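This is what each chain is made of:
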Amino acid sequence: MGRALDPKKIKSAQRVLEILEYFNAERREGTVMDIARTYGYPQSSTSELLSCLVALGYLRRDLYARTYKPSARVAVLGAWIQPHLFRKGYLLPLMDELAADTDATVVLASKVGLEVQVFHVVAPQAGDRIDIKTGDSTLLLHSAPGKVLLTTFGQEYLRKLVHRLNAESPEALRVRFDELTADLAKVRAAGYAVSRIDDERAMISVLLPQSGSEEQLALAICASPEAIAADEDRYVQLLRAAISRHLGLVTVQPNRSASLPPVQPLRQAS
């Protein structure tokens, strides 16, 4: 006989799904009390569960309005099911096309807490497959996706961010504020960023065109450091061409109202 299922775990799983169904039905942001009242949950456990989903990258939290809404990571869940019905938006075909054109891994990422989290990965049919998967996290200040995302924030937020991360980081990962702002100025001017993850992986990333009020997303090509160095210009051209064809051009306004979230540990998806 199999092991009996833990009723507490079943209840937690049910509540997670109900929360996602709540947002699908309401199509708007919700507060802790909105969700607690809808399902009759205790307020304290509802708040804890929502915070957990924020930390995992499935929800976004507005610290000023104290509201929650699903992240782009939720939007791509299940897109592989009946693709003729559900995969006909602009972003996922863009990523499929890039992976085919570059023979490289294409990654969609966003800022979650004080990290950058991978929301979706498309591996190439041919070429080398890079070891990176949905849910992986990387450093905000030291990664290509992190740097292009940080170009959307104002100086005051960046100053607080550097102070916070330096306090929590080993000396080798600390940065000076003036050096970061100079680096981000170069990224803004170039329109993309490049970073090396390790001896086998590097990334080149651009910001997806969004309005300032929407969740900012980074699109990246992940390949070997040698491939990124050799084909940097071609990769940038392919990224820009794909975005122009599928998404058009939308100006991104700096997000000057952002506030610092709690520190999240660096995680690798299991």
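Residues numbered from 1 in each chain as written. Predicted model: local features only at pLDDT ≥ 70, side-chain atom pairs only at ≥ 80, totals over all residues. Heavy atoms only, no water.

Peer 1: Where do I start with the nonpolar core in this structure?
Peer 2: A general trend in soluble globular proteins is that nonpolar side chains are found buried together. Counting residues in each nonpolar core, the largest one holds 30 residues, and the members touching the most others are Met 95, Ile 204 and Leu 219. Secondary structure elements with two or more residues in this core: helix H6 (91–102), strand S3 (105–112), strand S4 (115–122), strand S7 (202–207), strand S8 (217–223) and helix H11 (232–246). Residues Leu 114, Ile 130, Ala 220 and Cys 222 belong to the second largest nonpolar core, which totals 29 residues. (Core = buried A, V, L, I, M, F, W, Y, C linked by side-chain atoms within 4.5 Å. Buried < 20%, exposed > 50% of the residue type's maximum accessible area, 1.4 Å probe, protein only. Helix = DSSP H or I, 4+ residues; strand = E, 2+ residues; numbered from the N terminus.)

Peer 1: Is there a simple way to think about the environment of Thr 31 in this case?
Peer 2: Following the sequence through the fold, Thr 31 ends up in the loop between helix H1 (7–26) and helix H2 (32–39). Here Thr 31 falls in the partly exposed class, since its relative accessible area comes to 22%. In sequence terms Thr 31 and Arg 66 are 35 residues apart; their C-alpha atoms lie 6.3 Å from each other. Apart from residues lying up to four places away in sequence, Thr 31 is in contact with Arg 66 and Thr 67. (Contact = heavy atoms within 4.5 Å.)

Peer 1: Is there a simple way to think about the sheet that holds strand S6 (residues 193–196) in this case?
Peer 2: Sheet strands pair by backbone hydrogen bonding; their relative direction is either parallel or antiparallel. Read across the open sheet, the six strands follow the order S5-S4-S3-S8-S7-S6; overall the sheet is antiparallel. The open sheet has two free edges, formed respectively by strand S5 (137–139) and S6, since each of these has just one partner strand. The average undirected angle you get between the axes of adjacent strands in this sheet is 35°. By the bridge criterion, four bridges tie S6 to S7 in an arrangement that is antiparallel. Opposite Ala 193, over in S7, you have Ser 205 as the bridge partner. (Pairing = 2+ DSSP bridges. Axes fitted to C-alpha atoms, helices over the stretch in contact; angles between N-to-C directions.)

Remember, this is a structural readout, not a statement about activity or role.
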